Amino acid sequence: MKKVEFFGKSDTGKIRTNNEDTFLVCRIWDEDHLLAAVIDGVGGYEGGEVAAALARDKIKEYIETADQGDCLDLIKNAVIAANNCIFEARTQNIALANMSCVLTASIIELDTMRINIAHVGDTRLYQYTSSGIEKLTHDHSLIGYREEIGNLTEEEAMNHPQRNIISRDAGSQFLDANDTSYIEAVSYPLDSKVQILLCSDGLCDMITSKSMARILSEDMSVEAKVDNLIEEALDAGGRDNVTVVVLDLESDEIPADDLETEDAGQDITDMPEEPYAETSGRGKCPRARRWLPWVVLFLIIAGIAGGIICNSESRPGGESEKKSADTTTVAPADTVSQSDTLSEPDSISTTMPDQPDAQVHDDVGHENQ
């Protein structure tokens, strides 16, 4: 027996006049596979919105038309296709020359309870179980890195003036189809009862993971949880567009083989010009990190980030824009929801890729299914 409920929503926020966020949450191929993504546009009033919409549509088209195969490879390749679609569009319209986006996309395999994640930037994906809340992605930013290694508390990172500086985005450079170093791609086994939360930084910059866990723990529909998460972000100031997708999954039939960790990742010895090593693989969460070489990178990047910040633009309402290779635009918010109780178990898998140069971004608000 399996239970599947999901809902997504985007809100412009209290300061922005447009919404540069968008999202996807829907079934793909059959009853045993879900596609979920949150996308945050970068590049100013028009560019960010356009980039987010291009990424959303391209990811959905790629996955729906692809031959079913390894879900980790598929979601990573879909993000690469979206990246190149944005890059090509930038070259054709000078007004959109700086657009890009940050995103977290996933394919969930319900029959094996596995999640496959492809990630770039500072959107986030969390899992919530009886053990609590856990972030399965890491921010491609200096401040996110400092938070992960314990140099900053969560609250300090949320309020840091450089929180919008990102080191990687989708669209600012062309990627080879077989790229293994830019997109962060990872696959994880899921518990038999789990909630998945995807969000733009309009949520995680405004409320803590403890607040997220409190809302996810409440006995209410996924729609009510999404609404409450967004409401708390707005009550905290709503400085940015806020986009939230929640999936509530439960299965009582998980094949024993799928509970074992498959170590298909590869160690990286050559580090990119940022604090995170590029990864592609399957494993248990949390991922083991080799921090030693990163500490050296951290010192180098700190100097680079300082120079980048000096050039940061300001957002409407006095908020500093996230700067990346692109700017963002805003679109209207939408909602998508569905709940099912099925007779077979489902499984989810997650995978994540790597990242590149430092930039700043804004969110675009489009919701799609």
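Each chain has its residues counted from 1, running along the sequence as written. Under the rules for a predicted model, residues below a pLDDT of 70 receive no local features and side-chain atom pairs below 80 are neither given nor counted, while totals for whole chains, interfaces and linings still include all residues. Note that water and hydrogens are dropped before the side-chain values are worked out from all heavy atoms of the structure.

Peer 1: Tell me about the overall build of the protein, and please be specific about residues and values.
Peer 2: Every helix listed is a DSSP run of H or I at least four residues long, and every strand listed is a run of E at least two residues long, numbered separately from the N terminus. Scanning the protein from N- to C-terminus turns up 8 helices and 15 strands. Within the protein, buried positions represent 60% of all 369 residues. Looking at the protein alone, contacts between residues at least 24 apart form 80% of all its contacts between residues at least 6 apart. As displayed, the protein offers around 13,700 Å² of accessible surface, 46% of which is attributable to carbon and sulfur atoms. Exposure is judged per residue with a 1.4 Å probe applied to protein chains only, and the accessible area is read against the type maximum: over 50% gives exposed, under 20% gives buried, and values in between give partly exposed. Here, residues are in contact when the closest pair of their heavy atoms is within 4.5 Å. Throughout, the Shrake-Rupley method with a 1.4 Å probe supplies accessible areas, and for residues the shown protein chains are the sole cover considered.

Peer 1: Pulling in residues and values, what's your account of the nonpolar core?
Peer 2: Throughout this description, the term nonpolar core refers to a set of buried Ala, Val, Leu, Ile, Met, Phe, Trp, Tyr and Cys residues connected via side-chain atoms within 4.5 Å. Counting 33 residues, the largest nonpolar core has Leu35, Ile59, Ile63, Cys101, Leu103, Ile107 and Ile183 as the members making the most contacts within it. The element contributing the most residues to this core is helix α2 (residues 71-92), with 9 residues. Counting residues in each nonpolar core, the second largest holds 23 residues, with Leu34, Val186, Leu198 and Val245 among its members.

Peer 1: Break down the packing of aromatic side chains for me, with residues and values.
Peer 2: Two aromatic rings from Phe, Tyr or Trp, using only the six-membered ring of Trp, form a pair when their centres are within 6.5 Å; if the ring planes differ by under 30 degrees the pair is stacked, by over 60 it is edge-to-face, and anything between is tilted. Using the criterion set out here, one finds 1 aromatic pair in the structure. Note on Phe87 and Phe174: the rings are 6.0 Å apart at their centroids and 65° apart in plane angle, and the pair reads as edge-to-face. Residue Phe87 is found in helix α2, and its partner Phe174 is found in the loop between β8 (165-166) and β9 (184-189); the two are separated by 87 residues along the sequence. When its relative accessible area of 25% is taken as the criterion, Phe87 is described as partly exposed. We call a charge positioned above a ring when the Lys NZ or Arg CZ atom is no farther than 6 Å from the ring centre and deviates by at most 35 degrees from the ring normal. Above the plane of the ring of Tyr182 lies Arg168, whose end atom (NZ or CZ) is 5.2 Å from the centre.

Peer 1: Give a detailed account of the pairing of strand β7 (residues 132-135), specifying residues and quantitative values.
Peer 2: Sheet topology places strand β6 (residues 124-129) next to β7; 4 bridges connect them, and they run antiparallel. Bridging across to β7, Thr129 finds its partner in Gly132. Strand pairing follows a simple DSSP-based rule, namely that at least 2 bridges must link the two strands. Hairpin connection from β6 to β7: 2 residues lie between these consecutive antiparallel strands.

Peer 1: Go over the pairing of strand β3 (residues 33-42), please, and point to the residues and values.
Peer 2: Summarising burial for β3: 10 of the 10 residues are buried, a large majority. Where burial is concerned, the two faces of β3 agree: the one with His33, Leu35, Ala37, Ile39 and Gly41 and the one with Leu34, Ala36, Val38, Asp40 and Val42 are both buried. Across 7 bridges, strand β2 (residues 20-27) lies against β3 in antiparallel orientation. Directly across from Cys26, in β3, lies its bridge partner Leu35. Between β2 and the antiparallel strand that follows it, β3, lie 5 residues; Trp29 among them carries a positive phi value of about 70°.

Peer 1: Help me get a handle on the pattern of salt bridges, residues and values and all.
Peer 2: The working definition used for a salt bridge is a side-chain nitrogen of Lys or Arg within 4 Å of a carboxyl oxygen of Asp or Glu. Evaluated as defined, the whole model comprises 16 salt bridges. Between Glu61 and Lys58 there is a salt bridge, with the nearest N and O atoms lying 4.0 Å from each other. Here Lys58 and Glu61 lie together in helix α1 (residues 44-65), a separation of 3 residues that amounts to about one turn. The class of Glu61 is partly exposed, set by a relative accessible area of 44%.

Peer 1: Give me the lowdown on unusual backbone geometry, citing residues and values where you can.
Peer 2: For Trp29, which is not glycine, the phi dihedral falls at a positive 70°. With a phi angle near 50°, Met113 is a residue other than glycine that sits in the positive phi range. Looking at the element boundaries, Met113 is found in the loop between β4 (100-109) and β5 (114-120).

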